[in-house]
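Chains, contacts and geometry: an overview
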Amino acid sequence: MTLAIYPGSFDPVTNGHLDIAIRAAQLFEKVVVAVYDAPPKRLLFTTEERCQMFRRALADVGNIAVEPYTGLTVHFARSVGARAIVRGLRASQDFEREFEMALMNRQLAADLDQVFLATSLGFQFLSSSLIKEVVQLGGDVNGLVPAHVKEALEQRLR
Ligand code: ADP
């Protein structure tokens with residue numbers, strides 16, 4: 001079975017993330033969304049909350065699981081038997097950092113490959129940090145995140 005992981009902070013999950021996860025699930029037999037426990041940035045939601053929000057959004061997709069992880073992404077990938085690491089690419093600003101991480105991951109684990117999926121046009125400028133900023137300022141993020149994520153953001157930020 002060809003398994004892939006889709007790692008990230010997902011603080012919180014957006015429709016851009018969901019688009020990548022669902023498309024990856026059409027390419028691989030199973031996708032494990034890997035929610036990074038301790039990224040080097042301030043988080044709004046706990047690891048459990050970030051996992052739950054992602055799980056609820058994909059409850060009807062059979063071949064996607066959501067799990068927390070900590071430590072090196074390549075170690076987590078190996079621990080679940082993954083062959084590939086999926087990442088989403090937005091505008092050109094993602095490229096340098098993603099390329100750097102992909103080369104380092106290959107250096108650490110030559111048996112794993114990174115697969116990049118280009119974002120869909122409507123999600124090009126969508127990021128978790130922008131969503132948080134907009135909700136905090138009272139804006140409506142309908143259509144950019146699932147309804148339960150919008151509610152959680154409004155409760156936390158207003
Ligand atoms: P990070 O993993 O850097 O903490 P995120 O958790 O926001 O960042 O994103 C996880 C993955 O999803 C990354 O590969 C990121 O480029 C991708 N991603 C984020 N937002 C979008 C989007 N709107 N469209 C496509 N991919 C995205």
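Everything numeric here is computed off the predicted structure, so don't read it as measured data.

Focus: unusual backbone geometry
Each neighbour pair has its own omega, and for Asp11 with Pro12 the value is -5°, a cis peptide bond. Position of Pro12 relative to the elements: it lies in the loop between β1 (3-8) and α1 (15-27). Backbone geometry places Phe10, a non-glycine residue, at a positive phi of 50°. Note on placement: Phe10 falls in the loop between β1 and α1. Note on Phe10: relative accessible area 4%, which makes it buried.

Some points on the pairing of strand β5 (residues 113-118)
In terms of strand pairing, strand β4 (residues 84-89) meets β5 through six bridges, oriented parallel. The partner of Gly88 across the bridge, within β5, is Leu117.

Brief notes about helix α6 (residues 147-157)
Listed in full, the buried residues belonging to α6 are His148, Val149, Lys150, Leu153 and Leu157. Taken together, the buried residues of α6 touch α2 (47-57) and α5 (128-136).

Some details on helix α4 (residues 93-108)
Counted at 1.5 Å a residue, the expected span for α4 with its 16 residues is 22 Å, and the 24 Å between its end C-alpha atoms agrees. Packed against the buried residues of α4 are α3 (73-79), β4 and β5.

Regarding the nonpolar core
By size, the foremost hydrophobic cluster in this structure holds 32 residues, and its most contacted members are Tyr6, Val33, Phe54 and Val86. Mapped onto this core, the elements with two or more residues apiece are β1, α1, β2 (30-36), α2, β3 (64-69), β4, α5 and α6. Per-element tally for this core: the top contributor is α1, with five residues. Not counting the four nearest positions on each side in its chain, Val86 is found in contact with Ala4, Ile5, Tyr6, Pro7, Ile20, Ala24, Phe28, Val115 and Leu117. With 12 residues, the next largest nonpolar core counts Leu3, Ile5, Tyr69 and Val74 among its residues.

Quick word on the packing of α5 against α6
Viewed as axis vectors pointing N to C, α5 and α6 meet at an angle of 60°, and their least axial separation amounts to 9 Å. By the angle between their axes, α5 is oblique relative to α6. Where α5 crosses over α6, the handedness of that crossing is right-handed. Judged by residue contacts, Ile131, Lys132, Val135 and Gln136 of α5 engage Leu153, Glu154 and Leu157 from α6. In terms of residue class, the contact of α5 with α6 is built from four nonpolar, one polar and two charged.

Scoring rules and cut-offs
- Residues numbered from 1 in each chain as written.
- Predicted model: local features only at pLDDT ≥ 70, side-chain atom pairs only at ≥ 80, totals over all residues.
- Heavy atoms only, no water.
- Helix = DSSP H or I, 4+ residues; strand = E, 2+ residues; numbered from the N terminus.
- Buried < 20%, exposed > 50% of the residue type's maximum accessible area, 1.4 Å probe, protein only.
- Pairing = 2+ DSSP bridges.
- Contact = heavy atoms within 4.5 Å.
- Expected span 1.5 Å × (residues − 1).
- Core = buried A, V, L, I, M, F, W, Y, C linked by side-chain atoms within 4.5 Å.
- Axes fitted to C-alpha atoms, helices over the stretch in contact; angles between N-to-C directions.
- Parallel < 35°, antiparallel > 145°, perpendicular 65-115°, else oblique.
- Left-handed = near helix turned anticlockwise from the far one by under 90°.
- Nonpolar A, V, L, I, M, F, W, Y, C, P; charged D, E, K, R; others polar.

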